[in-house]
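If you want the building blocks of each chain, they are given just below.
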Protein chains: 2
Amino acid sequence: MHLNASDISQMEQRYRANFINTLSGFKSANLIGSVNLAGQPNLAIVSSVFHIGAHPPLIGMIMRPHTVPRDTLQNIKDTGVYTINHVHTDFVKAAHHTSARFPEGVSEFEEVGLTPWFSSTHKAPFVQESRVKIALEAQDIQVLALNQTELVIGQVVEVIVDEASIKTDGYIDIEALGSTTISGLDSYHQTQRIDRYAYAKAGQPIETID
Amino acid sequence: MHLNASDISQMEQRYRANFINTLSGFKSANLIGSVNLAGQPNLAIVSSVFHIGAHPPLIGMIMRPHTVPRDTLQNIKDTGVYTINHVHTDFVKAAHHTSARFPEGVSEFEEVGLTPWFSSTHKAPFVQESRVKIALEAQDIQVLALNQTELVIGQVVEVIVDEASIKTDGYIDIEALGSTTISGLDSYHQTQRIDRYAYAKAGQPIETID
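Residues numbered from 1 in each chain as written. Chains lettered and ligands numbered in written order. Predicted model: local features only at pLDDT ≥ 70, side-chain atom pairs only at ≥ 80, totals over all residues. Heavy atoms only, no water.

Caption draft 1: How the structure looks around the interface of chain A and chain B. Each partner contributes residues to the interface: chain A has 100 residues there, and chain B has 100 residues. A buried area of about 8700 Å², summed over both sides, lies between chain A and chain B, and 63% of it is on carbon and sulfur atoms. Our count for the contact surface shared by chain A and chain B stands at 2 salt bridges. Taken together, the connections running from chain A to chain B amount to 51 residue pairs in polar contact (both at pLDDT 80 or more). Looking at the side of chain A that touches chain B residue by residue, the classes come out as 47 nonpolar, 36 polar and 17 charged. Across 3 bridges, strand β11 (residues 150-161) of chain A lies against strand β1 (residues 2-4) of chain B in antiparallel orientation. Bridge pairing in β1(B) places I160(A) opposite H2(B). (Contact = heavy atoms within 4.5 Å. Buried area = accessible area lost by both parts, 1.4 Å probe. Salt bridge = Lys/Arg side-chain N within 4 Å of Asp/Glu carboxyl O. Polar contact = N/O pair within 3.5 Å; in protein donor to acceptor, adjacent residues only side chain to side chain. Nonpolar A, V, L, I, M, F, W, Y, C, P; charged D, E, K, R; others polar. Pairing = 2+ DSSP bridges. Helix = DSSP H or I, 4+ residues; strand = E, 2+ residues; numbered from the N terminus.)

Caption draft 2: Spotlight on the environment of Y15(A). Positionally, Y15(A) belongs in helix α2 (residues 13-23). Here the alpha-carbon distance between Y15(A) and I166(A), two residues 151 residues apart in the chain, equals 40 Å. With residues near it in sequence (within four places) discarded, Y15(A) still touches I166(B), K167(B), T168(B), D169(B) and G170(B).

Caption draft 3: Fine view of the relation of the copies chain A and chain B. When chain A is fitted to chain B, the residual RMSD is 0.0 Å, and the transformation amounts to a turn of 180° plus an axial shift of 0.0 Å. These values place the two chain copies in the arrangement generated by a two-fold rotation axis. Of the C-alpha atoms belonging to chain A, the one lying closest to the rotation axis is found on T191(A), 2.1 Å away. In this assembly the copies share their binding face: 100% of the residues contributing to the interface of chain A also contribute to that of chain B. (Least-squares fit on C-alpha atoms with pLDDT ≥ 70 in both.)

Caption draft 4: Seen up close, the pairing of strand β4 (residues 41-46) of chain A. All names here are of chain A. For β4, the buried fraction is high: 6 of the 6 residues fall into the buried class. As paired elements, strand β3 (residues 30-35) and β4 share 6 bridges and run antiparallel to each other. Bridging from a neighbouring strand, V35 pairs with P41 of β4. Counting the residues that bridge the hairpin from β3 to β4 gives 5 residues, and of these G39 lies at a positive phi of roughly 90°. (Buried < 20%, exposed > 50% of the residue type's maximum accessible area, 1.4 Å probe, protein only.)

Caption draft 5: Quick peek at the packing of aromatic side chains. Under the criterion given, the structure shown has 5 aromatic pairs over all chains. Pairing F50(A) with F50(B) gives two aromatic rings, centres 3.7 Å apart and planes at 10°, and the pair type is stacked. Within this pair, whereas F50(A) is found in strand β5 (residues 49-54), its partner F50(B) is found in strand β5 (residues 49-54), the two belonging to separate chains. Of the two residues examined, F50(A) and F50(B), each falls in the buried class. Each ring, one from Y197(A) and one from Y188(B), has its centre 5.5 Å from the other, and the planes form 45°; the classification is tilted. Here Y197(A) is found in the segment after β13 (187-196), whereas its partner Y188(B) is found in strand β13 (residues 187-196) on a different chain. Neither Y197(A) nor Y188(B) differs from the other in exposure class; each is buried. The ring of W117(A) carries K133(A) above its face, with NZ or CZ at 6.0 Å from the centroid. (Phe/Tyr/Trp six-rings, centres within 6.5 Å; stacked < 30°, edge-to-face > 60°. Lys NZ or Arg CZ within 6 Å of the ring centre and 35° of its normal.)

Below, the structure written as structure tokens:
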């Protein structure tokens, strides 16, 4: 099937959303924890979190201002902090439930059955059930002129992770921790490692790590 | 294990790269096809491709100017076009091999054993072996001031995909097509669907799609 720009623009809106959301490939599955100025915690599933750089440690995410995680975006703007928490196989349904439009003043944590947890140094709530908890400080928030979404870039200031899952070279085995991945808007997947490959060299076969 | 900003900044460089690259969660696995002004094709694996929006259909990717895909970035700047091709389970090793530093003038396609394929309307090469082929026109390229990486945003102008993999609601079953996902810098994974979930509503249990 060969589609051009005009075919895509003529798709029914919901059909196009499903179609285009799968094109970029598998996405990360994370819960964003934040808090408003009154101290009310908020939790939202986001599939748009991506790596930007390791030094300084920067993580980006795309926020659509008119969809459900808008409280999250406002909280980040107001407080400057948030958390990223991996979604694992044992609570994907609860994680997906955070995307519902709950009445204002309702805590998504309570509604979906996840537990807010606070470190001594960070204002935003972590998800206690998550085995990869990351605290971030917003460094830059910019509107992308092409479609008015907002790119939030945060610096990692705290990481809470099971030491046994960190390999000797620093790689965290997020598959062993049960982290999931998302395709499209609503499909959740677990993973099965094919291999880790060593640094590739021209003219030499690829070697497997471990 | 509880790490703070100072612990992270004191990590050995390669260790930190592995560690931070796994934090954001699973990543997409794509090969970027491009061509220079002399018509020489280039192919590079990139794990930083992410969805930005469906209407207009926009896909972003982060490019590190000083690492291997720098030819790709230059080609996109010179020609304005590129392709994104999903990496499937049957050619992950070849895909990873494109990250080697091949001498200038050498085609990564030939070196790793993948086949360039051209549509009648797009200048950049697709990967014939890929079951999800996307042609893009660059819309915006900006340097992120925080770490000097470059954010490339492209608009989808052509999609070539097996019709049987598209569900009635527009969702492309990229798992059935064998698309892979990456964790960290070098770990490739296949996926196994947990479930697709319907639009979440407050106070109602989550329903499965299909």
